[in-house]
Amino acid sequence: MSNANTFFTECIAKALIELLKEKPFSSISISEITQKAGVSRMTYYRNFSSKEDILEKYINSIFDNYHKEVYANAKHASYIRYENVLLGFEYFRRYKDLAACLLTNNLGWYIRDAMIRSELGLSLTSENDRQSRYLFVAYANTIFGVMSEWVISGMQDDPKALSKMICDIYQDKLRRY
């Protein structure tokens, strides 16, 4: 994605998030989004095909940035590492408005699906068996569930303790990855 596209994606996504604080996703129009973002409808349609497309592209760009940080800071790219789980909590905190709006509008599955794709992409190779795929899907869903509850409950619990809890649960099962 070019810098201009990244900028427009962010502007439009942030406008959508602000509107989600006021009304349900289904009630938000493209005109409202473009007006709030300060961009033309032509710019919108050049970059997006739907409101859902906004969410997918924005969340994918967030996960792309997460991956870059994981690869830059770690010897191993899997979520299974404590440092990477903790970084995930930092991302949820950084994008708490997005997470809270999606969760309260029953759209959290956008984040969950991106987490699953991300974990499978980071951790699995073509040699992994079907059981391993299911295990990683369960792991990604656990992370999503814990982080979702953390966001909904006001992010009061210590992310370090939650990261340790998640890693302790899966460490033995996923040690080989």
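Anything mentioned here points back to the structure above.
Source: prediction; values computed, not measured. (Residues numbered from 1 in each chain as written. Predicted model: local features only at pLDDT ≥ 70, side-chain atom pairs only at ≥ 80, totals over all residues. Heavy atoms only, no water.)

A closer look at the packing of helix H6 (residues 96-104) against helix H8 (residues 130-152)
Piece 1. For the pair H6 and H8, interaxial distance at closest approach is 10 Å and the crossing angle is 100°. Considering their axes alone, H6 and H8 lie roughly perpendicular with respect to each other. Facing H6, whose interface residues are Lys 96, Ala 99, Ala 100 and Leu 103, H8 presents Phe 144, Ser 148, Val 151 and Ile 152.
Piece 2. Partitioning the contact of H6 with H8 into residue classes produces 6 nonpolar, 1 polar and 1 charged. (Axes fitted to C-alpha atoms, helices over the stretch in contact; angles between N-to-C directions. Helix = DSSP H or I, 4+ residues; strand = E, 2+ residues; numbered from the N terminus. Parallel < 35°, antiparallel > 145°, perpendicular 65-115°, else oblique. Contact = heavy atoms within 4.5 Å. Nonpolar A, V, L, I, M, F, W, Y, C, P; charged D, E, K, R; others polar.)

Some words on empty space enclosed by the protein
Piece 1. In the structure shown here, the tally under the stated rule is 1 cavity of 30 Å³ or more.
Piece 2. In this structure, the largest cavity is lined by 17 residues; those nearest its centre are Ile 62, Phe 63, Tyr 91, Phe 92 and Ile 111.
Piece 3. For the lining of the largest cavity, the elements supplying multiple residues, two or more each, are helix H4 (51-73), helix H5 (82-94), H6, helix H7 (109-123) and H8.
Piece 4. Sorting elements by how many residues they give to the lining of the largest cavity places H5 first, with 5 residues.
Piece 5. Class assignment for the residues of the lining of the largest cavity results in 15 nonpolar, 2 polar and no charged. (1 Å grid on protein atoms, 1.4 Å probe; cavity = no way out; pocket = protein on both sides within 12 Å on 5 of 7 lines; lining within 4 Å. Points joined across faces, edges and corners; volume = space filled by probe spheres on them.)

Here we look at the packing of aromatic side chains
Piece 1. Here the structure, examined in full by the defined rule, presents 10 aromatic pairs.
Piece 2. Look at Tyr 58 and Tyr 95: their rings are 6.3 Å apart centre to centre, the planes differ by 85°, and that puts the pair in the edge-to-face class. Here Tyr 58, found in helix H4, pairs with Tyr 95, found in the loop between H5 and H6; they are 37 residues apart in sequence, far enough to count as distant.
Piece 3. Under the relative-accessibility criterion, Tyr 58 is labelled buried at 5%.
Piece 4. Look at Tyr 95 and you get partly exposed, because its relative accessible area is 21%.
Piece 5. The ring of Phe 25 has Lys 51 lying over it, and the distance from NZ or CZ to the ring centre is 4.7 Å.
Piece 6. A cation over an aromatic ring shows up here: Arg 94 above the ring of Tyr 91, its NZ or CZ 4.3 Å from the ring centre. (Phe/Tyr/Trp six-rings, centres within 6.5 Å; stacked < 30°, edge-to-face > 60°. Buried < 20%, exposed > 50% of the residue type's maximum accessible area, 1.4 Å probe, protein only. Lys NZ or Arg CZ within 6 Å of the ring centre and 35° of its normal.)

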